[in-house]
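What follows is the residue order along each chain.
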Amino acid sequence: PMLLHQHLEATARRLPGKVAIVSDGERHTYADLAARVDELARLLQARGIRRGDRVALFLDNCAELVVGVYATLRIGAVFMPVSAMTRSAKLTYLLDNSRASALLTQASVGDVWRDALTRNTTVHTCVVTGQKPPGTSPRLVPWPGRGELADAPGTEPGTIDLDLASIIYTSGSTGQPKGVMLTHLNMASASSSVIEYLGTREDDVVQCALPL
């Protein structure tokens with residue numbers, strides 16, 4: 001079985017010009033998506049993110065969220081999606097509990113993540129999209145643009161399908177949120193099952209109205 005991110009890479013090679021994502025009035029092809037994934041993966045690796053490290057994604061539904069998921073997987077790290085409606089106290093708890101090393105986020109929720117980072121010590125890299133991060137903190141990094149890290153090291157970490165791919169936290173309705181740990185094999189198997197019983201084809205378009 002292939003790793004999760006290898007599905008994207010295979011499709012980008014086979015159908016580079018096909019639209020992969022429509023978001024905020026823009027269409028992103030598989031080739032464009034794969035190139036953006038590679039740039040962010042190289043940035044994360046250059047910042048010291050390694051196989052097994054936790055990367056929190058605190059973003060609205062957008063192309064950057066998808067790029068963040070696949071870039072994290074590309075270097076063998078573990079992605080952790082966090083709803084953009086999360087408040088700073090809960091974000092702090094999630095970062096602390098998961099021992100996240102990096103946070104991928106956006107400028108529009110800056111008040112929340114800035115407050116959370118003042119109380120967290122595990123996150124050493126915060127990559128921000130939307131505008132250049134304010135201040136001079138070494139933790140803050142702007143989202144990379146095309147070609148900015150062309151000479152960065154490679155991103156093959158030797159990941160296997162039993163490696164952790166994601167941690168998804170429960171709502172915490174009966175106590176503190178708990179992280180559900182999912183491997184590449186868990187998620188790839190679930191994906192294959194859903195595709196099979198829905199009969200999904202590659203010319204279908206899927207609309208997402210819920211937080212990813």
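Residues numbered from 1 in each chain as written. Predicted model: local features only at pLDDT ≥ 70, side-chain atom pairs only at ≥ 80, totals over all residues. Heavy atoms only, no water.

A closer look at the nonpolar core
Rule in force here: Note on terminology: a nonpolar core comprises buried Ala, Val, Leu, Ile, Met, Phe, Trp, Tyr and Cys residues joined through side-chain atoms within 4.5 Å. With a 1.4 Å probe rolled over the protein chains alone, any residue whose accessible area is under 20% of its type maximum counts as buried; one over 50% counts as exposed, and the rest are partly exposed. Here a helix means four or more residues in a row that DSSP labels H or I, a strand means two or more in a row labelled E, and each is numbered from the N terminus.
In this structure, Leu40 and Leu104 are the most contacted members of the largest nonpolar core, which totals 32 residues. The set of elements that each furnish at least two residues to this core consists of α1 (4–14), α2 (30–46), β3 (54–58), α3 (63–74) and β5 (102–106). Here this core takes 7 residues from α2, the largest share from any one element. Grouped together as the second largest cluster of nonpolar side chains are 21 residues, Ala56, Ala100, Cys126 and Val128 included.

Considering α3
Applied cut-off: To estimate the expected span of a helix, subtract one from its residue number and multiply by 1.5 Å.
Its 12 residues give α3 an end-to-end C-alpha distance of 16 Å, which sits within 8% of 16 Å, the value for a rise of 1.5 Å per residue. Burial within α3 is extensive, with 11 of its 12 residues counted as buried. Within α3, the full set of buried residues consists of Ala63, Glu64, Leu65, Val66, Val67, Gly68, Val69, Ala71, Thr72, Leu73 and Arg74. Downstream of α3 by a residue or two, glycine 76 has a phi angle that is positive, lying close to 80°.

Description of unusual backbone geometry
Even without glycine at this site, aspartate 24 takes up a positive phi of about 50°. Structurally, aspartate 24 can be placed in the loop between β1 (19–23) and β2 (26–29). You will see that arginine 99, though not glycine, has its phi angle at about 55°, which is positive. Looking at the secondary structure, you find arginine 99 in the loop between α4 (88–98) and β5.

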